[in-house]
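Structural characterization, general
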Amino acid sequence: MMSIAGRLSQLLRITRPIQTTSRLVSSSMTIDGNTILAESLKKQGVEYVFGIVGIPVIELSMAFQSAGLKYIGMRNEQAAAYAAQAIGYLTGTPGVCLAVSGPGLLHCIGGMANAQVNCWPLLVIAGSCPEDHEGIGGFQEWPQVEASRPYCKYAGRPPSARLIPLHVERAVRLASAGRPGVSYLDMPGTLLTAEVDEDKVPMDFYHADPVQLAHPSPVQVEKAAELLASARRPLIVVGKGAAYARAEAAVNQLVGDTKIPVLPTPMGKGVVPDSSPYVVSSARTTALLHADVVLLLGARLNWMLHFGQPPRYAPDVKIIQVDISPEEFHNSVKSEVAVHSDIKPFVEALSQKLAQKKVTLQPSSNDWWQQLKKKQDTNVAFVEAQANQKTVPLNYYAVFKTVQANIPANSIVVSEGANTMDIGRGILLNDLPRHRLDAGTFGTMGVGPGFAIAAAMWCRDYAPGKRVVCVEGDSAFGFSGMEIETMFRYKLPVIIVIVNNNGIYSGFDKETMESIQSSGDVTQCTPPTSLSTEVRYEKMMEMFGETGHFCRTVEEIQAALKHAATVTDRPTIINIAINPQSSRKPQDFNWLTESKL
């Protein structure tokens, strides 16, 4: 009986036979580029590959599996890039995104840019036009190395099959070391099928020791400690860099000892548990506006933190900036203390200094804490009042309160969408680090299903029983919704919650939409932010012989989540129709508040 590999070879007229051993070896003991690449990735500790195959990387995907790598076939290269970077964030080792040449790689560019801006490790490998076809109109010919370079820390093409291990080591190391980012390796079809003597491939030579943590200057630690000790209104901002650095134990020790208020960025949530009394997310505006000293741990003063400038901050605020990348220092405002260090060793050293100085704020009596608590109480009361409104159609707050109360404990929450993501981050809590994945620094929509697939694979292999809850706006779900087939194929029990308001930011009910569209040419009268009304996304489950859930009431949401928690071998879709005009509470400062300097 012909093997699957053999049938594929015959179908695609690939004349060179495919073997499924871990070494593709001929009688002369040669090894081909596919196997060299697969074995090189394995030696560098790479575990997961997400991708879409075609000429010239079909044999390569099989070589990956033969080498013991886990290959997950996706439906779109962009979603594959999202999944690969998410697994890199969760594990600390780059995931690989595999693509075909030309348009396959171009589809990856959005994911590459997102990973680079997000500072997540990712290795993209794409097949490319055979070298002897370059310049004469080869199939899917494209200047792939040059096209990738703006979105990478490293982009290159091995000059020979024998040197593939060198470039793999460099690509993995650069994607991981310092500030994480993207590497790209270009693999022409002629390079993948080239054969060289096995004993001439330096497979073991290119295996560097892990990069050691960078420790801070003691002088800078002392300066930071003195500044915090003299502060009247100190604030610690925890970013996803602290989560990636696995610094949660050290950060919690610092916060527990000093009782300094903590404000997490969206993906910094869980480094200090959201349930901690020291987390002041519900008083975010007040905390940023009135802090006199801000300690940045793995966060950047970009748009998400309003650049550190007035009117969002006090004009005389002092910044202590801790970053593994010194190029980040002073980018938007001049930091009072700029510390080049990994987060964990800095926080450990700072804790010792502050303990010696006996720095401790007492929440029950400290004026700063009382100011924050007053604002927290006001905001929590507003949210609670909104969340308790169960009239149909529901608002966001009522939906998220119900979801939070009924999902499995310590689930990984993936979230994207405009109001869906912004409102949800305040109600869907994370008590563990690296348990929230969202649109991130680049504000990218469409990341949700890819992130959820990666998170579910991580749960399967490292935290059996832990669940992934993917909370999507209806607009966001439309970007990558067909990845539900990938979830079915790999038996991933992702709970997909679609918060359906019929639009982007907001939509319209059926009657209003019909009235609007009857007033003229639909291309001119249909509001650009609107989508079709009450789309039954849950019926996508019927394509796989399953039944989804359509919900309007709190009770229906509760029942749907209870059922979804029992499903362990496939995804579930819960489609929740809400008030199309539901929105968040008015904000003193929106996310894109401009500097007034």
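In what follows, the accompanying structure is described. Worth saying up front: this structure is predicted, and the values here are computed from it rather than measured.

With respect to the packing of helix 2 (residues 33-43) against helix 7 (residues 164-176)
In contact at an axis separation of 9 Å, helix 2 and helix 7 are set at 35° when each is read in the N-to-C sense. As helix 2 packs across helix 7, the resulting crossing turns out to be right-handed. In this structure, helix 2 uses Gly33, Ile36, Leu37, Ser40 and Leu41 to contact helix 7, whose residues at the interface are Ile164, Pro165 and Val168.

Side note on the pattern of salt bridges
In this structure the tally under the stated criterion is 25 salt bridges. Note that Lys70 and Asp461 form a salt bridge whose closest N and O atoms lie 2.9 Å from each other. You can see Lys70 sitting in strand 3 (residues 70-73) and its partner Asp461 sitting in helix 17 (residues 448-462), a full 391 residues away along the chain. A relative accessible area of 25% places Asp461 in the partly exposed class. The shortest N-O distance in the salt bridge between Glu222 and Lys357 comes to 3.1 Å. Placement of the pair is Glu222 in helix 9 (residues 218-230) and Lys357 in the loop between helix 13 (343-356) and helix 14 (367-387), with a sequence separation of 135 residues.

So, the environment of Glu416
Looking at where Glu416 falls in the secondary structure, it is placed in strand 14 (residues 412-416). Apart from residues lying up to four places away in sequence, Glu416 is in contact with Met421, Thr444, Met445, Gly446, Val447, Gly448, Pro449, Val471, Glu472, Gly473 and Ala476. At 2.7 Å, the side chain of Glu416 and the backbone nitrogen of Gly448 are in polar contact.

A closer look at the sheet that holds strand 2 (residues 48-51)
Spatially, the six strands line up as an open sheet ordered 3-2-4-5-7-6, and their pairing is parallel. Edge positions in the sheet fall to strand 3 and strand 6 (154-156), since each has one partner strand and no second. For this sheet the average axis-to-axis angle between neighbouring strands, irrespective of direction, equals 20°. Pairing between strand 6 and strand 7 (residues 182-188): three bridges, direction parallel. Residue pairing for strand 7: Tyr154 is matched across the bridge by Ser183. In this fold helix 3 (residues 58-66) packs onto strand 2, strand 3, strand 4 (95-99) and strand 5 (122-128), with an angle of close to 155° to the strand it touches most, strand 4. Contacts between helix 4 (residues 77-91) and the sheet are confined to strand 2, strand 4 and strand 5, with strand 4 contributing the most and set at about 165° to the helix.

A word on the packing of helix 9 against helix 13
Two elements in contact, helix 9 and helix 13, have axes whose closest approach is 9 Å; the angle formed by their N-to-C orientations is 55°. Judged by the angle between their axes, helix 9 and helix 13 are oblique. Handedness of the crossing formed by helix 9 with helix 13: right-handed. Between helix 9 and helix 13, the contacting residues are Val221, Glu222, Ala224, Ala225 and Leu228 on the first element and Phe346, Ala349, Leu350, Lys353 and Leu354 on the second. Looking at the contact of helix 9 with helix 13 residue by residue, the classes come out as eight nonpolar, no polar and two charged.

Basis of the calculations
- Residues numbered from 1 in each chain as written.
- Predicted model: local features only at pLDDT ≥ 70, side-chain atom pairs only at ≥ 80, totals over all residues.
- Heavy atoms only, no water.
- Axes fitted to C-alpha atoms, helices over the stretch in contact; angles between N-to-C directions.
- Helix = DSSP H or I, 4+ residues; strand = E, 2+ residues; numbered from the N terminus.
- Left-handed = near helix turned anticlockwise from the far one by under 90°.
- Contact = heavy atoms within 4.5 Å.
- Salt bridge = Lys/Arg side-chain N within 4 Å of Asp/Glu carboxyl O.
- Buried < 20%, exposed > 50% of the residue type's maximum accessible area, 1.4 Å probe, protein only.
- Polar contact = N/O pair within 3.5 Å; in protein donor to acceptor, adjacent residues only side chain to side chain.
- Pairing = 2+ DSSP bridges.
- Parallel < 35°, antiparallel > 145°, perpendicular 65-115°, else oblique.
- Nonpolar A, V, L, I, M, F, W, Y, C, P; charged D, E, K, R; others polar.

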